[in-house]
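# A closer look at the structure
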Amino acid sequence: MKKVLILSASPRKNGNSDILCHQFMKGTEEAGHEAEIISLYGKKIGFCRACYACFRTGSCVLKDDMEEILDKIQGADVLVIATPVYFLSMNGMLKTTIDRFLPRWQDLGGHDTYLIITGHDGKEGLSLAGEELTRIFESLGDRVRGVIWGEGVWQKGEVKGTKAMEEAFRAGQSI
Ligand SMILES: Cc1cc2nc3c(=O)[nH]c(=O)nc-3n(C[C@H](O)[C@H](O)[C@H](O)COP(=O)(O)O)c2cc1C
């Protein structure tokens with residue numbers, strides 16, 4: 001049994017990336033694994049201050065929910081990162097979270113990682129977000145095993161009935 005951690009960066013509950021996260025989770029659970037979804041908007045996560053205190057002490061000066069999330073990332077076998085595309089890139093919530101990886105950036109890798117990326121554009125318009133996230137997680141030492149593209153979706157729930165639903169479920173099953 002593998003432990004799967006799904007970090008969902010959209011502010012919209014039951015939005016397109018949230019729905020795909022649940023599809024992925026359904027697949028993993030059917031395959032007998034254990035999965036947890038964390039909605040980053042439900043957490044208190046401040047901006048990195050670039051004080052570098054963590055380089056000396058190993059921990060962040062900000063006392064918020066990030067430490068718990070870092071513990072969970074380190075405890076997971078499989079990581080799923082889900083974001084809506086905002087102005088061609090990952091959204092700010094996700095970038096803020098990734099910047100806070102700094103205290104443990106050398107010890108966070110080793111996962112099989114999947115990306116869930118949604119937006120109203122086609123795959124070409126979403127590809128920059130896929131490339132940057134792939135490079136970031138691979139530079140941390142993860143292996144990006146798959147990207148689920150929730151393309152052409154804007155309003156909440158539009159992703160239902162698209163091929164991304166099946167792809168998210170199958171990716172979850174296949175871990
Ligand atoms: C601030 C903002 C910027 C956006 N920029 C883009 C964009 O550059 N490309 C795109 O395809 N969709 C863009 N969108 C649309 C969202 O990515 C799309 O609605 C997505 O399905 C939202 O995912 P969610 O339902 O999981 O929140 C933007 C939405 C917002 C709120």
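Every chain is numbered on its own, with residues counted from 1 as its sequence reads. Confidence filtering applies because this is a predicted model: local features only for residues at pLDDT of at least 70, side-chain atom pairs given and counted only at 80 or more, and all residues used for totals across whole chains, interfaces and linings. Excluding hydrogens and water, the side-chain values take into account all heavy atoms of the structure.

## Considerations on the site of the ligand
- Think of it this way: one heavy atom of a residue within 4 Å of a molecule or strand is enough to make that residue near it. Near the ligand you find 17 residues, and of these Ser-10, Arg-12, Asn-16, Ser-17 and Val-85 are the closest.
- Side-chain polar atom of Arg-12 to an oxygen atom of the ligand: 2.8 Å apart, as the coordinates give it.
- Polar contacts here mean pairs of N or O atoms no more than 3.5 Å apart (in protein, one a potential hydrogen donor and the other a potential acceptor; neighbouring residues in sequence count only if both atoms are side-chain atoms). Val-85 is positioned such that a nitrogen or oxygen atom in its backbone is 2.7 Å from an oxygen atom of the ligand.
- Accessible surface area values rest on a Shrake-Rupley calculation with a 1.4 Å probe, where residue burial reflects the displayed protein chains alone. For the ligand, the accessible surface in isolation is 640 Å², of which the surrounding protein chains cover 81%.
- With a 1 Å grid laid over protein atoms only, a set of points is called a cavity when a 1.4 Å probe fits there but cannot get out and a pocket when it is open yet has protein on both sides within 12 Å along at least five of seven lines; lining residues have an atom within 4 Å of a point. For this analysis, a molecule is said to be in a pocket or cavity if more than half of its atoms are within 2 Å of the grid points defining it. If you map the ligand onto the pockets, it falls in the largest pocket.
- Polar here means any residue outside two lists: the nonpolar Ala, Val, Leu, Ile, Met, Phe, Trp, Tyr, Cys and Pro, and the charged Asp, Glu, Lys and Arg; Gly therefore counts as polar. Tallied by class, residues from the shell around the ligand come to eight nonpolar, seven polar and two charged.

## Quick word on the pattern of salt bridges
- A pairing counts as a salt bridge when a side-chain nitrogen of Lys or Arg comes within 4 Å of a carboxyl oxygen of Asp or Glu. Counted under the stated rule, the structure contains ten salt bridges.
- The partner of Glu-36 in a salt bridge is Lys-72, with the nearest N and O atoms 2.8 Å apart. Pair noted here: Glu-36 is in strand 2 (residues 34–39) and Lys-72 is in helix 3 (residues 66–75), with a separation of 36 residues, a long-range link.
- Between Lys-163 and Glu-151 there is a salt bridge, with its nearest N and O atoms 3.5 Å apart. In this pair, Lys-163 sits in helix 6 (residues 163–173) while Glu-151 sits in the loop between strand 5 (143–150) and helix 6, placing the two residues twelve residues apart along the sequence.
- Overlapping salt bridges bring together Glu-36, Lys-43, Glu-68 and Lys-72 as one network. Helix and strand definitions follow DSSP, with helices as H or I runs of at least four residues and strands as E runs of at least two, each counted in order from the N terminus.

## Remarks on empty space enclosed by the protein
- Grid points are joined across faces, edges and corners, and a volume is the space filled by probe spheres set on the points. Per the counting criterion, the structure on display carries one cavity of 30 Å³ or more.
- Reported here for the largest cavity is a volume of approximately 110 Å³.
- As for the largest cavity, its lining consists of 15 residues, of which Cys-48, Arg-49, Cys-51, Cys-54 and Cys-60 are closest to the centre.
- Classifying every residue of the lining of the largest cavity by side-chain character gives eleven nonpolar, one polar and three charged.

## Re a nonpolar patch on the surface
- To count toward a patch, a residue needs a relative accessible area above 30% and no salt bridge. Like charges then connect within 9 Å, nonpolar side chains (Val, Leu, Ile, Met, Phe, Trp, Tyr) within 5 Å. Residues Tyr-52, Phe-55 and Trp-105 make up a contiguous nonpolar surface patch of roughly 360 Å² in combined accessible area.
- With respect to the element layout, Tyr-52 can be found in the loop between strand 2 and helix 2 (53–57).

## Remarks on the sheet that holds strand 4 (residues 112–118)
- Between any two strands, at least two bridges found by DSSP are needed for them to pair. What the five strands build is an open sheet, ordered 2-1-3-4-5; its pairing is parallel. Of all strands in the sheet, those with a lone pairing partner are strand 2 and strand 5, marking the two edges. Recorded for the sheet is a direction-independent mean angle of 15 degrees between the axes of neighbouring strands.
- Pairing analysis gives five bridges linking strand 1 (residues 3–8) to strand 3 (residues 78–84), with the strands arranged parallel. All axes here are fitted lines through C-alpha atoms, helices being fitted over the stretch that makes contact, and every angle between N-to-C directions spans 0 to 180 degrees.

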